[in-house]
Structure formats: structure tokens, C-alpha cells
Amino acid sequence: MSNTIKISLDTSQYRLPTSEDITSAKQFILRREDYARVLEAKVDECLANAAQEIVTICYKYNVDPQKFSISSQYNEKMMAEIAEVMDNAEEEILDLIYDYSTATVPDGSPSGRKNALAAWIALLGRGNRNLQDTLDGYLYKAMKDWEAAIAALRYANVAMAAAVTKVKSHLHSIYTMPEIMATFDHADDFNATYIRNKGVQKGAVGISNNGSTNVTNMAKLTLQMAWMKELSMEHEEDGAAGYYVLRGSSYPCETCDSMVGFHKMEDIDGYPPYHGHCCCYVIPIYGIDGKTTNNERTQREDADAIAQARAKFDAYSEEWEKEYFNPSNGGFNVYHKKHQFSNVKPNGAAMSGGQAEKHVGRLLADFGAKQVEFLQENGNGTAKPDIRFDNRTWDVKYISTANENTIRKYIENARKADCAIFYWDRNNKLEELKSAVTRTIGKFSKKGELSTIPSIFYINKDGLLQCIFDNK
């Protein structure tokens, strides 16, 4: 992003933005692009997994390379298996797009705010199609790309394991694969659509010839558009008189150059992005009639929220021990005097279960501004949840020395709470936790009892609460 900032405004009507306003606008775009990169990687992973499954299925059915096509006419049973893989991939990618695209909605916003943004996202798409229909079309093209690759690799007598590796490594460049290029000289001998078409998608304008690339591009652009839509709504609600667009990149772009400058709020549809690689950023502009700037408003609201949190903390009765209050963000911990902290320290662990509970509570207060109540428990300490915050009950599980089977038992034990927090301070347990969650979900889904499983969270290395499975 350019460090040279030139803003031209009628200062008789509008306030010049502060350096904090400009920095905040730049940081918003940087954060947006960080999320977009993570989303792209996760969507790529979904596509690679789907490609691997489909290659494996087709090799299992020993397909004839020249007669083969992914269609029910070729093999109905095989097609049913492939359709299930593609349906699962579509569902997973849609969930990722919605999760990352609505992540910009501030915590504590009314639920309708995120729902409204999600509804707006659902209408996005190419041409007259919505988001899901557009994704469905791109995934179908990706599947047909893999069809061509499988036919070519089978024709070249490439073994299944090597075929999987080749397809995954050429996810975004299928038609540069030597085996496919070799089939183009006698393309009419094959039934695979994009061998017969020599890798060309007829009638496709403005999109990639590669289905997987179109999927990832769509996911990133959807996120970018959604984040800017949310930003425009935030500026409008804050009473901004308009907004100022500045370039966030240095490459030549007539479209972006034409949008640089001041826009009145009535031109709310003029927010970037203006194309798939746009990094233009937006600074809210306020009138001189005494309205606060975004930064001033945030500071005032934060101070009010902290004061309210302090009043709530001070109001707890004698049944509660007022353990900790963070004056910088309003997070706090209060212990019910009948809450039981376990003194049992697992072999090889750094702390006891009770110490881990207290540590997690402090992290939640300091890094999440959470107002954490450690709840009253009965005689054996197992029938009630450990803590409450954000209007949900939670169990805390310390798993530094636990194996996957033990973690699965902890998940089942936590069903008395709305959510479970897993914490470790050594021996990275994330993959074991994810595996335990997946297996537990499978078990309870088969029993028709998935709704009894708590939402699963963990504390990451930065002390922040991260969700693995949300069962709201």
C-alpha cells in the first residue's frame, strides 16, 4: 500500500480524516486479505480432497480410458458415489464462504446483522445465477477437468497413487499435464468432454478455463465483496457523510484510478472491490456538524461498555468471589463459592485441572473481554457445567496429556453444557482434537443424537477462543 496520502476535501463541509482513521482503513484491507488467503487455502484443500476421492473411485471401477466419462450413462453406481463426493464438497465450500465472509461482523452485533449479510451473500453470483448455482457450475467444470485427467492418466497406464498426486499437483493447471496434452493428437478417440474439446471450454468469457481456479476466485471475491458491504453499512450507521477511496496497490488500473476520491454516502454502491485483485481502501468522512469520527465513537462506546462491565462485576453478591477484573476491556472472572476446582494433576501435566480452569478463565477475560462466571457445582462436581459467559454454559477440558480416546470421552462428558473448551499448554493436540470431534459427530449422527453434542472450541496459541464445531 502506498504511504503517500493525498486527500482533497471541502473542509468547510467535511472533516479531514485523522491518521488513525487512515491507518484503520488500511488495516481493514490487510485483515480482509489475510482472511481471503486462509479461505482460498481451505477451499483448495476441499477441492484436492474431492479430486483424490474421485480419482480413487474411478480407478476402483477400472474405467476404460477411452470410453470413460463421469456420467450415469457410463456407470450409474460409480456416478452415485462421485455425486456424493461433489455434494459434500459443495456443502463444505459454501459453509467456508459464509463463515469467512461474515467474520467481519463485529462480535456482539445483533444476530440479524450477520443473517442480513448472509442473505445478501446468497444472492451474489455470475450472470443471473445466485451464489450456490454459480458454485455448482464451477464445481461441475472442475469435475469434468478431473474426468479428462483420469482418462488421460489411465490411458498412459499411470498407477492410482501417482494419478492422485498428479491431479492434486495440477489442480489449477490440469491442461498442462503431459498425459492430457498427449491425448489431444487423437482427441476424437476419447469420450471425456475436455479431451475432445482439447481443454477449451466453449463460450466461457471472463473466467478461467479451469474449474478449480474459478471456485477459489469466486470464494475470495465473495469474501471481499461481503466485507466491504458490511463496512459500508457500518459507515452509514455511524452517520458518515461520505467516504474517500484510495488506491491500496501500485499497479496500473484505470478502473481503480477513476474511483479514487470523495463519494457521498448516497453512492453506497460505489464501495470497492472493483475487480478480483482490488485492494482499494475506504475512509469514512464526517461532516463538521459535530458528529463523532469512527475512532472517537469507538473509544466512547468502549469506555461505556467497560463501565457497565465494572458495575456488573461489583454487583455480584457474597455468594461469589470477585477474582479478577480487566480495566482495559471489561473482561472478568467471578467464582461461585461452591464451585469446585480439581487439585488432581495428570501425570506429565504442568498444572491441575482446577489450575487449568482458572488459567482459561483469565485468558478469556484478557484476550476475549469475556465476563466469566465459574458456576456452583454439586457434591461430585460432574453434573453441572463449569462456567458461563455470552449466555452459554461451557465445560473446560485440560488435554495436554490426553490421547484421542480420552478426548472423545471428554466430549461426551461435556454434553451437560452448551459448549466445551479444550486447552493444552504442551504437546500440540489440535489434530487429535479434530479427529476426536469428527469421530464423535459420526457416532452420534448414526444414533440420531447429534443435537446433544456441545459446540467444540479450543484456546489457540495467541490465547484466543477458536471454534471447531458449532452445534447451535
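Residues numbered from 1 in each chain as written. Predicted model: local features only at pLDDT ≥ 70, side-chain atom pairs only at ≥ 80, totals over all residues. Heavy atoms only, no water.

Asks: Talk me through the nonpolar core; I want residue IDs and the actual numbers.
Replies: Core analysis: the biggest nonpolar cluster contains 89 residues, and Ile 54, Ile 82, Ile 93, Trp 146 and Ile 180 have the highest contact counts within it. Tallying contributions element by element places helix H1 (residues 19-60) first for this core, with 17 residues. Those residues within four positions of Ile 82 in sequence are excluded, and the remaining contacts are Ile 54, Ile 57, Cys 58, Ile 70 and Met 143. One finds Ala 356, Leu 363, Val 372 and Tyr 423 within the second-largest nonpolar core, a separate group that totals 19 residues. (Core = buried A, V, L, I, M, F, W, Y, C linked by side-chain atoms within 4.5 Å. Buried < 20%, exposed > 50% of the residue type's maximum accessible area, 1.4 Å probe, protein only. Helix = DSSP H or I, 4+ residues; strand = E, 2+ residues; numbered from the N terminus. Contact = heavy atoms within 4.5 Å.)

Asks: Could you give me a rundown of the pairing of strand S3 (residues 281-285), with the residues and numbers involved?
Replies: For S3, the buried fraction is high: five of the five residues fall into the buried class. Burial along S3 is two-sided: the face carrying Tyr 281, Ile 283 and Ile 285 and the face carrying Val 282 and Pro 284 are both buried. Bridging between strand S1 (residues 242-246) and S3 involves five bridges; their strand directions are antiparallel. Within S3, the residue paired with Gly 242 across the bridge is Ile 285. (Pairing = 2+ DSSP bridges.)

Asks: Give a description of the packing of H1 against helix H4 (residues 131-155) that names residues and reports values.
Replies: The contact between H1 and H4 brings their axes to 10 Å, and the two run at 45 degrees. Classified by the interaxial angle, the pair formed by H1 and H4 is oblique. When the axes of H1 and H4 are compared, the crossing they make is right-handed. Contacts between H1 and H4 involve Leu 47, Ala 50, Ala 51, Ile 54, Val 55, Cys 58 and Tyr 59 from the former and Leu 139, Trp 146, Ile 150, Leu 153 and Arg 154 from the latter. Broken down by class, the residue content of the contact of H1 with H4 amounts to 11 nonpolar, no polar and one charged. (Axes fitted to C-alpha atoms, helices over the stretch in contact; angles between N-to-C directions. Parallel < 35°, antiparallel > 145°, perpendicular 65-115°, else oblique. Left-handed = near helix turned anticlockwise from the far one by under 90°. Nonpolar A, V, L, I, M, F, W, Y, C, P; charged D, E, K, R; others polar.)

Asks: So what's going on with helix H8 (residues 211-237)? Residues and values would help.
Replies: Compared with the 39 Å implied by 1.5 Å per residue over 27 residues, the 39 Å span of H8 between its first and last C-alpha is a close match. Measuring from the backbone nitrogen of Ser 212 back to the side-chain oxygen at the start of H8 gives 3.0 Å, which picks out Asn 210 as the cap. Taken from the residues just after H8, Gly 239 is the one with a positive phi, measuring 85 degrees. (Expected span 1.5 Å × (residues − 1). Polar contact = N/O pair within 3.5 Å; in protein donor to acceptor, adjacent residues only side chain to side chain.)

Asks: Just give me the short version of the pairing of S1, but keep the residues and values in it.
Replies: Of all five residues making up S1, five are buried, and the element is well covered by its neighbours. Along S1, one buried face is formed by Gly 242, Tyr 244 and Leu 246 and the opposite face, lined by Tyr 243 and Val 245, is buried too. Direction of pairing for S1 relative to strand S2 (residues 261-264): antiparallel, over a ladder of four bridges. If you follow Tyr 244 over to S2, its bridge partner there is Phe 262.

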